[in-house]
Amino acid sequence: MTKTPGTGRVQPVEPKADKASVRRHNLSLVLRTVHAAGETTRAAVAARVGLTRAAVSSLVEQLMENGFLVESGKTFSGQAGRPGTVLKAADTGPAGLGVEVNVDYVSVCVVDLTGTDRVRLTESVDNRAAGPAEVLECAAGLAARALEEAAGHGLRAAGVRLALPGLVSAGTVHQAPNLGWNRVAADRLFADALTARRPGRPELPVASDNEANAAALAELWFGEAGEARTFLHLTGEIGVGGAIVVNGELLRGAHGFAGEIGHMVVSPQGRRCRCGSYGCLEQYAGQAALLRAAGLAPASDPYDGQAGAAVPEPSGTATADGPESAGARQDGDGAAAGPVGTPGPPAGPAGVDELARRVDAGETRAVAAVEEAGTMLGLALSGAVNLLDPETVVLGGIYPRLMSRLGPAVEAELGRRVVSGLWTPSAGRLRAASASADAARGAAAVVLREVLADPLSYAA
């Protein structure tokens, strides 16, 4: 313990690192360096990290023995001395499992240490028609199938990361209006369901985050943002999710709930939202609103919150001990309030495909619907851009397929409202998300980042 000069306060002194912790750190350093390079040599790693070639060779051997690195069989002779054997991350061994649960689909993927998407399974399903325990059990079933397939490729999951809609922190979905979830212990429910489907197998660590955050990380790590390290990422699905990346890190806010742009009010006296407010962005730019405005969805949906439609109460509060009346409506305190009706299947991907076709064909109603959504997106984004000054804005989810009409409408509103004058169509600061950067992949990559940070914890 030491005293801070002039204060008399006693400050703890961190213990001196021992040889084991130093080696552990250096193993991570070497693995991360090879991973970032894609392919490199021992000599290049030594020059990069500032360790001796002998030390790097020892660390590489340990990483190879534990299945994190492999030699590619190629050699590199760009430096003095004997040609160096090229190293790369292994495409077998530890992997990340990402599970995205959205309103109208579940998607899972397994990503190996090279960053390659090795297994992908997606099911379209109306998750609004079931309680949280049932939804997460179905997601666990899909994840179990993915794990079996991954095992056939020589991969073993180091952990699971859930990408969930709504306000997510500490393993709990505090509120997900479009699913009707409140205070759902998602991590525990999913982990129990996955363990039950894999008897005799070790329980995998499970953690969760908001799906828009996971999609933004996928864009940062796998996308085509170039050198952009500060950007806003919007995901258009049934709702509209948002994430903020600043200097390569997520901006989470004081409680982990930053980025809820879908519930930014763009019309104070406007349409009723599923969250209980009025005029939220997703009531004008979400998938359901777009399809309805284009004439591709019913004018009234018991799960939607447009003006004139009843807004059902949340579908249930679920804990690790089980759902509370998972098939019944719940009031604000979780008390049962009667059964939930089940509407017809959502328009989903087929509806979006048809909307994109009509927009490309120049159909008046479809074009007007997309342009109105773009105007409302630009209105919401202009406030965020004025506040945060990002390098770029990335539109994901269903939006990339509608960019021919959506993009100009967003750009026009940004040009009118961003005070810096930097947002013009010629600036190229608004762009579609990369096809390879989705929430499930981003969630899986978070697991891999944990492996890279401490490989010994995940050694076979």
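Everything below is about the structure printed above this text.
Conventions we followed
Residues numbered from 1 in each chain as written. Predicted model: local features only at pLDDT ≥ 70, side-chain atom pairs only at ≥ 80, totals over all residues. Heavy atoms only, no water. Pairing = 2+ DSSP bridges. Helix = DSSP H or I, 4+ residues; strand = E, 2+ residues; numbered from the N terminus. Axes fitted to C-alpha atoms, helices over the stretch in contact; angles between N-to-C directions. Phe/Tyr/Trp six-rings, centres within 6.5 Å; stacked < 30°, edge-to-face > 60°. Lys NZ or Arg CZ within 6 Å of the ring centre and 35° of its normal. Expected span 1.5 Å × (residues − 1). Buried < 20%, exposed > 50% of the residue type's maximum accessible area, 1.4 Å probe, protein only. Polar contact = N/O pair within 3.5 Å; in protein donor to acceptor, adjacent residues only side chain to side chain. Disulfide = S-S within 2.5 Å. Contact = heavy atoms within 4.5 Å. Salt bridge = Lys/Arg side-chain N within 4 Å of Asp/Glu carboxyl O. Core = buried A, V, L, I, M, F, W, Y, C linked by side-chain atoms within 4.5 Å. Parallel < 35°, antiparallel > 145°, perpendicular 65-115°, else oblique. Left-handed = near helix turned anticlockwise from the far one by under 90°. Nonpolar A, V, L, I, M, F, W, Y, C, P; charged D, E, K, R; others polar.

Participant: Explain the sheet that holds strand β10 (residues 167-169) here, please?
Facilitator: Neighbouring strands of a sheet are bound in pairs by backbone hydrogen bonds; such pairs are parallel or else antiparallel. Reading across from one edge, β10-β11-β12 is the order of the three strands in this open sheet, with antiparallel pairing throughout. The outermost strands of the open sheet, each flanked by one partner alone, are β10 and β12 (181-184). The average undirected angle you get between the axes of adjacent strands in this sheet is 15 degrees. Relative to β12, strand β11 (residues 172-176) is paired through three bridges, and the arrangement is antiparallel. Bridging across to β12, Ala176 finds its partner in Trp181.

Participant: I would appreciate a short explanation of the packing of aromatic side chains in the present structure.
Facilitator: For any pair of aromatic rings, the description rests on two quantities: the centre-to-centre distance and the angle between the ring planes. Tallying each qualifying case throughout the model produces zero aromatic pairs. If you follow Arg441 out to its NZ or CZ, it ends over the ring of Phe222, 3.8 Å from the centre.

Participant: Honestly, helix α6 (residues 211-222) in this entry has me stumped. Any pointers?
Facilitator: Quick reminder: α-helices carry 3.6 residues per turn. Residues three or four places apart thus point the same way. Between its first and last C-alpha atoms α6 spans 16 Å; for 12 residues at 1.5 Å apiece the expected length is 16 Å, and the two agree. Counting buried residues along α6, 10 of its 12 residues qualify, which places the element largely inside the surrounding structure. Every buried residue belonging to α6 is among Glu211, Ala212, Asn213, Ala214, Ala215, Ala216, Leu217, Ala218, Glu219 and Leu220, and all of these are buried. A side-chain oxygen of the first residue of α6 lies 2.8 Å from the backbone nitrogen of Ala212; this N-cap is Asn210.

Participant: Sorry, what's going on with the state of the cysteines here?
Facilitator: Disulfide: a covalent bond connecting the sulfur atoms of a pair of cysteines. Applying the stated criterion to the full structure yields zero disulfides. There is no disulfide at Cys280, and the cysteine sulfur nearest it, in Cys275, is 3.8 Å away. According to the relative accessible area criterion, Cys280 is buried, its value standing at 0%.

Participant: Would you take a moment to explain the sheet that holds strand β16 (residues 249-250) for this structure?
Facilitator: If you walk across this open sheet you meet the five strands as β16-β15-β14-β21-β22, and the pairing is mixed. Looking along the sheet, the strands with just one partner apiece sit at the ends: β16 and β22 (430-432). As paired elements, strand β21 (residues 392-397) and β22 share three bridges and run parallel to each other. If you follow Leu395 over to β22, its bridge partner there is Ala432. Packed onto the sheet, helix α10 (residues 364-388) meets β14 (231-236), β15 (240-246) and β21 and runs at close to 155 degrees relative to β14. In the packing of helix α11 (residues 403-417) onto the sheet, contacts are made with β21 and β22, and the angle to β22 comes to roughly 160 degrees.

Participant: What is the right way to look at unusual backbone geometry in this model?
Facilitator: Negative phi characterises most residues that are not glycine, and trans characterises most peptide bonds. Even without being a glycine, Arg183 presents a positive backbone phi close to 50 degrees. Here Arg183 shows up in strand β12. Although it is not a glycine, Asn247 sits at a positive phi angle of roughly 55 degrees. As for its position among the elements, Asn247 is in the loop between β15 and β16. Asn247 gets classed as exposed once you look at its relative accessible area, which sits at 60%.

Participant: Is there a simple way to explain the pattern of salt bridges in this structure?
Facilitator: Between side chains of opposite charge, pairing is possible as soon as their charged atoms come close. Overall, the coordinates contain 22 salt bridges when judged by the stated rule. Its salt-bridge partner being Arg42, residue Glu61 comes within 3.1 Å of it at the nearest N-O pair. Residue Glu61 is found in helix α3 (residues 53-65), and its partner Arg42 is found in helix α2 (residues 42-49); the two are separated by 19 residues along the sequence. The class of Arg42 is buried, set by a relative accessible area of 16%. A salt bridge links Glu354 to Arg357; its shortest N-O distance comes to 2.7 Å. In this pair, Glu354 and Arg357 both sit in helix α9 (residues 348-360), three residues apart, roughly one turn of the helix. Residue Glu354 is classed as partly exposed on the basis of its relative accessible area of 23%. On the basis of relative accessibility, which here comes to 47%, the residue Arg357 falls in the partly exposed class. Through salt bridges with shared partners, a single ionic network connects Glu354, Arg357, Arg358 and Glu363.

Participant: Would you explain the nonpolar core in this entry?
Facilitator: Nonpolar side chains tend toward joint burial in soluble globular proteins. Of all hydrophobic cores here, the largest spans 40 residues; its most connected members are Val99, Val160, Phe190 and Leu194. The leading source of residues in this core is helix α4 (residues 132-152), at 10 residues. Setting aside residues up to four positions removed in sequence, Val99 forms contacts with Ser107, Val108, Ala139, Ala143, Val160, Arg161, Leu162, Ala163, Phe190 and Ala443. Ranked by size, the runner-up nonpolar core spans 39 residues in total, among them Ile244, Leu290, Ile398 and Leu402.

Participant: Please explain the packing of α4 against helix α5 (residues 186-197) as it appears in this structure.
Facilitator: A pair of packed helices can be characterised by two numbers: the angle between their axes and the separation between those axes. Where α4 meets α5, the axes come as close as 8 Å, and the angle between the chain directions of the two elements is 50 degrees. For the element pair α4 / α5, the angle class is oblique. For the element pair α4 and α5, the recorded crossing hand is right-handed. Along its contact with α4, which presents Leu136, Glu137, Ala139, Ala140, Gly141, Ala143, Ala144 and Leu147, the element α5 presents Ala186, Leu189, Phe190, Ala193, Leu194 and Arg197. For the contact of α4 with α5, the per-class residue count stands at 11 nonpolar, one polar and two charged.

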